[in-house]
Amino acid sequence: MSDWRLRGQERYLKGVALFWAAYSPYREGWDHNHCSFCWRKFAVHGGDFTEGYITEDRYYWICKDCFLDFQGKFDWAVGEDTGRPA
Ligand SMILES: [Zn+2]
């Protein structure tokens, strides 16, 4: 199993809960994040995506393509976005 997008993410993304959400910056002053796998850009304006899957701590973003490609390998649990603050 080799894919150019895999760089050891299982160390921090294996088996975690993911939530589908509209992009919002992790903290003030950040205007974009990158997909944890393919490195495409999430941004409110001017990115490749405006929504995607996030980890519970809202730190890691995963685009839908990578989610579909890797969900079998990473055993993600997809939850409802509770809308609670980060
Ligand atoms: Zn991706």
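Residues numbered from 1 in each chain as written. Predicted model: local features only at pLDDT ≥ 70, side-chain atom pairs only at ≥ 80, totals over all residues. Heavy atoms only, no water.

### Focus: unusual backbone geometry
Backbone geometry follows two general trends: most residues other than glycine have a negative phi, and most peptide bonds adopt the trans configuration. Positive phi outside glycine occurs at Arg58, with the angle close to 65°. Mapped onto the fold, Arg58 is located in the loop between strand 4 (51-55) and strand 5 (61-62). (Helix = DSSP H or I, 4+ residues; strand = E, 2+ residues; numbered from the N terminus.)

### What about the coordination of the zinc ion?
Ligation of the zinc ion by protein atoms is provided by Cys35 (SG), Cys38 (SG), Cys63 (SG) and Cys66 (SG), these donors lying 2.3 Å from the ion. Between the four donor atoms coordinating the zinc ion, the angles at the centre fall across 102 to 118°, so the site counts as tetrahedral. Between the donor residues of the zinc ion, the gaps in sequence give the motif C-x2-C-x24-C-x2-C. With a gap of 31 residues between them, Cys35 in the loop between strand 2 (32-34) and strand 3 (41-43) and Cys66 in helix 2 (residues 64-74) connect regions that are remote in the sequence. No difference in accessibility class separates Cys35 from Cys66, as the two residues are buried. (Donors = N, O, S within 2.8 Å, 3.2 Å for Na, K, Ca; no water. Tetrahedral: all angles 85-135°; square planar, octahedral: opposite > 155°, others 65-115°. Buried < 20%, exposed > 50% of the residue type's maximum accessible area, 1.4 Å probe, protein only.)

### A few points about the sheet that holds strand 4
Pairing in this open sheet of four strands is mixed, and the strands run 5-4-1-6 from one edge to the other. Two strands lie at the open edges of the sheet, namely strand 5 and strand 6 (77-79), each paired on one side alone. In the sheet, strand 1 (residues 17-22) pairs with strand 6 via three bridges, with the strands oriented parallel. Each residue of the ladder has a partner; that of Leu18, found in strand 6, is Val78. (Pairing = 2+ DSSP bridges.)

### Brief notes about the packing of aromatic side chains
Under the definition given, this model contains 13 aromatic pairs. Between Trp20 and Tyr53 the ring centres are 4.9 Å apart and the planes differ by 70°, which places this aromatic pair in the edge-to-face class. Residue Trp20 is found in strand 1, and its partner Tyr53 is found in strand 4; the two are separated by 33 residues along the sequence. Judged by centre distance (5.1 Å) and plane angle (40°), the ring pair of Phe42 and Trp61 falls under tilted. Here Phe42, found in strand 3, pairs with Trp61, found in strand 5; they are 19 residues apart in sequence, far enough to count as distant. The residue whose ring lies beneath Lys64 is Trp20, and the NZ or CZ to ring-centre distance is 5.6 Å. (Phe/Tyr/Trp six-rings, centres within 6.5 Å; stacked < 30°, edge-to-face > 60°. Lys NZ or Arg CZ within 6 Å of the ring centre and 35° of its normal.)

### A word on helix 2
Among the residues making up helix 2, those that are buried are Cys66, Phe67, Phe70 and Phe74. For helix 2, the angular spread of buried residues about the axis comes to 105°, placing them on one side. Check the buried side of helix 2 and you find it contacts helix 1 (10-13), strand 1, strand 4, strand 5 and strand 6. (Arc of directions from axis to C-beta. Contact = heavy atoms within 4.5 Å.)

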